[in-house]
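The primary structure of each chain is shown beneath.
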Amino acid sequence: MPPNYTALFLGNTVGSCTVGGFPSYSINVSSVAQVQLAVIIARELDIRLVIKNTGHDFGGKSTGMGGLSLWTHHMKDWRFYEKYQAVDGSYSGPAFRLGAGIQAFEAFELAKAKNVTVVGGEGKTVGMIGGYVQGGGHSPLTSIYGMAADHVLSINLVTADGRFVTADAKTNSDIFWAVRGGGGSTFGVVTSMVVRAFPQMKVTIMTYNMTTSSTFTPSTFWEAQRAYVDNFEEYADKGFYAYYRIRHVNAQIYHDMNAMVAPNTSESEFRETLAPLFQKWQELGVPFTPFIKEYDNYHDAWKDGFPHEVWTWAMRQASRLIPRENISNTTKRAEIFDSIKGVFDEGANLIMFNIRNPPGTDKIDNAVNPAWRDVLMFAIMFVTWQVGDSAEYATQLNRNLTYEWNPRWRALTPGAGTYMSESDYIEPNWQESFHGWKYKRLLEIKKTVDPWDVFYATNAVGSEEWELEGTLLGHLPSQNSRLCRK
Ligand SMILES: Cc1cc2nc3c(=O)[nH]c(=O)nc-3n(C[C@H](O)[C@H](O)[C@H](O)COP(=O)(O)OP(=O)(O)OC[C@H]3O[C@@H](n4cnc5c(N)ncnc54)[C@H](O)[C@@H]3O)c2cc1C
């Protein structure tokens, strides 16, 4: 990374940046034939192949030193089907074929124009059918519809042997199963997918922010948070979703709700549901002015609810999918809440979701992490540092994340896991965390469809046979080093 964006302790000085962890060559893909050619060249010449869509992946999965990169960003073709028939007869209704480069905001605009709704992420510029849906894909609509991968009907992709194939419930059904949740850059280069569309709906959203002060103390803040989490089960079971952050800003606690989303819910129904919490917060003296509004379509609600997020390079995260049992059981709820507050008090920042997968989604036969099916809270902790911070300081933060803080959440949630696309990139035992009991089948499929390991990404299925040569801060695999077979 350019020196002024990373850290002086890496030895960078202004003017000395190198290509570093980036690929040497990049193909701005405009046709399937180009993808096929690149796959064959990479396989035959033993060149590291990197698939990059938006480049949003937190684990650096879309970059690779010295590689050949396929940049899918401009593959923006799409088509709307008024009545798409799934090959196995499991679905008949509206659907979109989306090209590999379509991003969330584009898909939502298309859906609005066709008076339907699609399941996509909250982040405006995240891809729809790249790492997002291939990793499972959670959405502000997940509490009513499940994961984005649950609504994929057909996939077109280039496999490691260079063939351009369709994978659906009847053809290449192993690949179809694996790509829906098994992770990006693993089974092929997806060029397009058909995804189900849902009827247009009314949506109510809420946003607000608050900061502690001499009159709004941290202890009152946490009491208010506890009261909110007490309602997680009720809210999620109504189909609500919430995405919010709690951060250290200027020695205060800054909390922003961006946003709570209530699909198929009017503003008055929403206010009625939230009234007991608001009452409690008023009694506590919480200073907050919520923005609450009902919309007649999902796109406009999403657009107002989720501002364009800007992330920093000097940031790392770790996370856990917190099961229902840890929220519905009063003692366990107190334990996990105290643990989350504990890592915040020790220096972590928090990104939190109140989210569920609706009943029946656990029966869907795809590769989505089983830990998603029982979730009520998705908790992410993250650390950041500044360009001028010392190596010792950054090392300590990074070590805390993986070896001190996340193990506490893990200990309280045995058998759960986390979400590969928003996780620690050195997540211990990631096979179990990201895939649970599905990992065995995923690895078998990987070995069958890509025996050459043409496709590799950090912590992707089969990647345990590879390692990066160098490390950063003594323990982090460095993208600025060669990828080698172990
Ligand atoms: C601001 C922001 C908001 C986010 N919001 C959400 C959210 O609401 N819900 C959620 O679930 N996640 C969210 N994420 C996480 C997001 O799902 C991951 O970062 C995901 O990996 C992004 O996929 P991408 O294709 O856009 O990015 P990339 O970094 O380009 O790709 C990610 C991975 O997928 C592979 N890949 C990309 N395209 C293809 C393809 N066509 N075929 C095969 N492999 C491919 C890449 O090689 C890489 O391994 C968010 C991330 C950010 C930065």
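Reading the values: rules and limits
Residues numbered from 1 in each chain as written. Predicted model: local features only at pLDDT ≥ 70, side-chain atom pairs only at ≥ 80, totals over all residues. Heavy atoms only, no water. Patch = residues over 30% accessible without salt bridge, like charges linked within 9 Å, V, L, I, M, F, W, Y side chains within 5 Å. Areas by Shrake-Rupley, 256 points an atom, 1.4 Å probe, with all protein chains shown as cover. Salt bridge = Lys/Arg side-chain N within 4 Å of Asp/Glu carboxyl O. Lys, Arg positive; Asp, Glu negative; His and termini not counted. Charge placed at Lys NZ, Arg CZ, Asp CG, Glu CD. Buried < 20%, exposed > 50% of the residue type's maximum accessible area, 1.4 Å probe, protein only. Near = heavy atom within 4 Å. Polar contact = N/O pair within 3.5 Å; in protein donor to acceptor, adjacent residues only side chain to side chain. Helix = DSSP H or I, 4+ residues; strand = E, 2+ residues; numbered from the N terminus. Nonpolar A, V, L, I, M, F, W, Y, C, P; charged D, E, K, R; others polar. Domains from an automatic or database assignment. Axes fitted to C-alpha atoms, helices over the stretch in contact; angles between N-to-C directions. Contact = heavy atoms within 4.5 Å. Pairing = 2+ DSSP bridges. Core = buried A, V, L, I, M, F, W, Y, C linked by side-chain atoms within 4.5 Å.

(A) Geometry of a negative patch on the surface. A grouping of Glu-269, Glu-272, Glu-294 and Asp-296 is seen on the molecular surface, where their side chains present a negatively charged patch. Judged by relative accessible area, Glu-272 falls into the exposed class, the value being 63%.

(B) Layout of the site of the ligand. What surrounds the ligand is a group of 33 residues, the closest being Ile-51, Asn-53, Thr-54, Ser-62 and Tyr-419. Contacts to the ligand include Gly-55, whose backbone N or O atom sits 2.8 Å from an oxygen atom. Here the ligand has 950 Å² of accessible area as a free molecule, and 98% of this is covered by the chains. Of all the secondary structure elements, the ones that give two or more residues to the shell around the ligand are β2 (49-52), α3 (131-134) and β9 (189-196). For the shell around the ligand, the element with the most residues is α3, which contributes three residues. Considering only residue class, the shell around the ligand consists of ten nonpolar, 17 polar and six charged. Residue contributions to the shell around the ligand reach at least three from each of two domains, namely domain 1 (78-199) and domain 2 (203-434).

(C) How the structure looks around the packing of helix α2 (residues 104-113) against helix α9 (residues 298-305). Relative to each other, α2 and α9 sit at 150 degrees, their axes nearing to 9 Å. When α2 is examined against α9, the residues Phe-105, Phe-108, Glu-109 and Lys-112 are found in contact with a partner set consisting of Tyr-298, His-299, Asp-300 and Trp-302. Split by residue class, the contact of α2 with α9 holds four nonpolar, one polar and three charged.

(D) Region of interest: the environment of Ala-348. Note that Ala-348 resides in the loop between α11 (330-345) and β16 (349-354). Judged by relative accessible area, which is 0%, Ala-348 ranks as buried. Separated by 78 residues in sequence, Ala-348 and Phe-270 have C-alpha atoms that sit 32 Å apart. In this view, Ala-348 contacts His-248, Val-343, Met-381, Phe-382 and Trp-405; residues no more than four positions away in its chain are not counted.

(E) Structural view of the sheet that holds strand β5 (residues 92-99). Read across the open sheet, the five strands follow the order β4-β5-β9-β7-β8; overall the sheet is antiparallel. Edge positions in the sheet fall to β4 (78-85) and β8 (164-167), since each of these pairs with one other strand and no more. Averaged over neighbouring strand pairs, the angle between their axes works out to 20 degrees when direction is ignored. Sheet topology places strand β7 (residues 152-158) next to β8; four bridges connect them, and they run antiparallel. Bridged to Ile-155 within β8 is Ala-167. Along the sheet, helix α1 (residues 32-45) makes contact with β7, β8 and β9, crossing β7 at roughly 60 degrees.

(F) Up close: the nonpolar core. In this structure, Phe-96, Leu-98, Ile-155, Met-193 and Trp-372 are the most contacted members of the largest nonpolar core, which totals 87 residues. Two domains each provide a minimum of three residues to this core, namely domain 1 (78-199) and domain 2 (203-434). If near-sequence neighbours (up to four positions away) are discounted, Ile-155 is found in contact with Val-165, Thr-166, Ala-167, Phe-176, Val-179, Arg-180, Val-190, Ser-192 and Met-193. Tyr-244, Met-260, Leu-401 and Leu-473 belong to the second-largest nonpolar core, a separate cluster that totals 57 residues.

(G) Molecular detail of the pairing of β8. Of the two faces of β8, the one lined by Val-165 and Ala-167 is fully buried and the one lined by Phe-164 and Thr-166 carries no buried residue. Between β7 and β8, which pair antiparallel and follow one another directly, the connecting turn spans five residues, one of which, Gly-162, has a positive phi of 90 degrees.

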